[in-house]
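# Descriptive structure summary
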Amino acid sequence: MRVRVLRERCIGAGQCMRAAPEIFGSDESGGVRVESDAPVGDSEAEVLLAVQLCPVQAVLVADG
Amino acid sequence: MNDTPRSGDETVRFPMARTCPFHPPPAYEELRRRSPAVRAAYVEDTPLWLITRHRGALQLLCDSRLSTDPRRVGHPFAAMAAHGRQRAGQFIDMDPPEHDYYRKILISEFGYRRARELRPVIERTAHEVLDEFAADGAADLVGQFGYPFSTRVICHLLGVPAEDSAYFHDCTREMIDSFYDSEKLPLARQKLFDYLDSLVGRSERNPSTDTLIGRLAARQRRTGRPDHDSLVGVVFLLLTAGHQTVANMLSLGTYSLLRHPEQLARVRADPGLWPTAIEELLRFHSIVDWVGFDRVATEEIAVGEHTIAAGEGVFVLGASANRDPEAFLDPDVLDIHRDARRHLAFGFGVHQCIGGNIARVELEVGYRALFDALPGLTVAAELDDSCFRYEARTFGMSRFPVRWQP
Ligand code: HEM
Ligand code: SF4
């Protein structure tokens, strides 16, 4: 699984960071930053939850 | 010809009042079962749509064909729409792209990281407020904890100078006290507005990057935006959206936990459970319901077998979505162990609550400080209806008498 975020769209709601703290972090301005773009194990499920919880659909995943 | 909404022969009239502190209006259950979109008659018989289920609520709150701008014809609150100067900075009532500008410039103030940085100040504030409790083991948690705590956190967040805090407290207090009084409220609002107007003016003449208002004033110097009226509007919106909600969740959540002592004991024994418990309390109480989710369709939208026409008003029933059995098992049961994260207590889409990160910290810090500082906390007397704000647009408590062993 590969993770990507649309930073332009992010409103800083923090849902992804709460759902998958190892994968998503904050950049200097408080918006989202991907810390690790290839989650494995439990983190994969957490990322899928983050996709659902992001209020503006800014979290994207793809196979690979 | 006759556009009065009907279901069978029964006109659904809206709004509906809550009848119990722990549940949405009882009729929601039947509406939710009936259809994902129910036609109803709002005040003065205006027909509009109620969105009843979790799935539809998520979809519609992300749908750019729904507008939140009350100046549009057909918006449920069109009669109360602010125009001109009164509207400046009220981004809760703006659509993208106008709306996005404000969220962008506020991310650094309300993001997840900022909320974590604020935690020590929020903890200190909670303890300060609790230190002022009398030693006699009795208090009103609404007046003596919920409001002073949430107001002081907001003061700190915005950067209200210490020497003004007494006046600021008086203004917000007056506004809270007259919240349910349509004669006094405009005066109280004006007084607060005038104070914020002068506070922002001072910051503009002398911007300091130590405070939120100062940083926005510095941005105005650099870029010309947000202009004075918009900056005042933003600050006013943050204040009004941010302290009453937190105060109400603090008292209602505490009341719920006291009624479920086994769950309270679990979370106190294992504080790592607080974040999960708080999501469930937010879901369960859903204090911001349809009032927060006022929209109007700008184009035709299909919902199930119904079609919302352009220009028709919509209320998303957040409190109904949060009790939808399709989304939450046994939805009417409070269960602090469940995963309630898909709740809509903070909304969804581009308007999802900007204060959510900070509100979660305030709630965790507030509940923990309260139960730690007041051993043997119990409800002092049977709470009658006058303790609850059934008539209010945001559900809450007006009084919450408690006792503990001092
Ligand atoms: C438990 C406490 C809170 C609850 C339940 C709550 C609930 C909500 C809800 C449901 C919305 C969405 C309205 C919509 O879709 O149009 C919202 C928006 C908003 N909230 Fe909160 N809120 C809380 C705390 C706060 C705090 C602490 C602040 C500020 C410090 C705040 C500021 C705002 C603002 C400015 C908006 C408008 C966001 C936008 O339109 O982009 N709220 N809130
Ligand atoms: S959940 Fe979405 S909006 Fe919120 S911080 Fe993550 S990417 Fe940004």
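What you see is a predicted model; the values in this text were computed from it and never measured.

### Comments concerning the site of ligand 1
All names here are of chain B. Taken together, the neighbourhood of ligand 1 is formed by 28 residues, with His99, Arg103, Arg295, His351 and Cys353 sitting nearest. Separating an oxygen atom of ligand 1 from a side-chain N or O atom of His99 is a distance of 2.6 Å. Separating an oxygen atom of ligand 1 from a side-chain N or O atom of Arg103 is a distance of 2.8 Å. Those elements that provide at least two residues to the shell around ligand 1 are α3 (98-110), α9 (228-259) and α13 (356-373). When residues of the shell around ligand 1 are assigned to their parent elements, the largest contribution, seven residues, is made by α9.

### Focus: the packing of aromatic side chains
Centre-to-centre distance and the angle between the planes together describe a pair of aromatic rings. Residue and element names in this part refer to chain B. Under the counting rule described, the total for this entry stands at 20 aromatic pairs over all chains. With a centroid separation of 5.7 Å and 35° between ring planes, the pair formed by Phe14 and Phe315 is classed as tilted. On the criterion of sequence distance, the pair formed by Phe14 in the segment before α1 (27-34) and Phe315 in strand β8 (residues 313-316) is long-range, its members being 301 residues apart. Since its relative accessible area comes to 3%, Phe14 is described here as buried. By relative accessible area, which is 0% here, Phe315 ends up buried. Ring centres of Trp274 and Tyr367 lie 5.8 Å apart, and the angle between their planes is 15°; on these two criteria the pair is classed as stacked. Of this pair, Trp274 sits in helix α11 (residues 274-285) while Tyr367 is found in helix α13, placing the two residues 93 residues apart along the sequence. Here Trp274 matches Tyr367 in class, with each residue buried. Ring pairs connect the aromatic residues Phe22, Tyr255, Phe388, Tyr390, Phe395 and Phe400, which therefore count as one cluster. Of note, Arg225 hangs over the ring of Tyr101, and the distance from its end group to the ring centre comes to 3.6 Å. When the ring centre of Phe284 is taken as reference, the NZ or CZ atom of Arg323 above it lies at 4.3 Å.

### Considerations on the sheet that holds strand β1 (residues 37-42) of chain B
Residue and element names in this part refer to chain B. With respect to topology, five strands assemble into an open sheet ordered β1-β2-β8-β5-β3, the strand pairing being mixed. The two strands at the open ends of the sheet, each matched to only one other strand, are β1 and β3 (66-67). As defined by bridge partners, strand β2 (residues 46-51) adjoins β8 across four bridges and the pair is classed as parallel. Note that in β8 the partner of Trp49 across the bridge is Val314.

### Re helix α2 (residues 42-53) of chain A
Residue and element names in this part refer to chain A. Helix length check: α2, at twelve residues, gives a terminal C-alpha distance of 17 Å against a target of 16 Å (1.5 Å per residue), a fit within 8%. Here α2 has its buried residues at Ser43, Val47, Leu49, Ala50 and Leu53. Buried residues of α2 fall within an arc of 160° about the axis and therefore sit on the same side. For α2, the secondary structure elements touched by its buried residues are β1 (2-5), α1 (15-19), β2 (24-26) and β4 (59-62).

### Some thoughts on the coordination of the iron atom of ligand 1
One donor from the polypeptide reaches the iron atom of ligand 1: Cys353 of chain B (SG), at 2.3 Å. Inspection of the secondary structure assignment puts Cys353 of chain B in the loop between α12 (318-321) and α13.

Rules used throughout
- Residues numbered from 1 in each chain as written.
- Chains lettered and ligands numbered in written order.
- Predicted model: local features only at pLDDT ≥ 70, side-chain atom pairs only at ≥ 80, totals over all residues.
- Heavy atoms only, no water.
- Near = heavy atom within 4 Å.
- Polar contact = N/O pair within 3.5 Å; in protein donor to acceptor, adjacent residues only side chain to side chain.
- Helix = DSSP H or I, 4+ residues; strand = E, 2+ residues; numbered from the N terminus.
- Phe/Tyr/Trp six-rings, centres within 6.5 Å; stacked < 30°, edge-to-face > 60°.
- Buried < 20%, exposed > 50% of the residue type's maximum accessible area, 1.4 Å probe, protein only.
- Lys NZ or Arg CZ within 6 Å of the ring centre and 35° of its normal.
- Pairing = 2+ DSSP bridges.
- Expected span 1.5 Å × (residues − 1).
- Arc of directions from axis to C-beta.
- Contact = heavy atoms within 4.5 Å.
- Donors = N, O, S within 2.8 Å, 3.2 Å for Na, K, Ca; no water.

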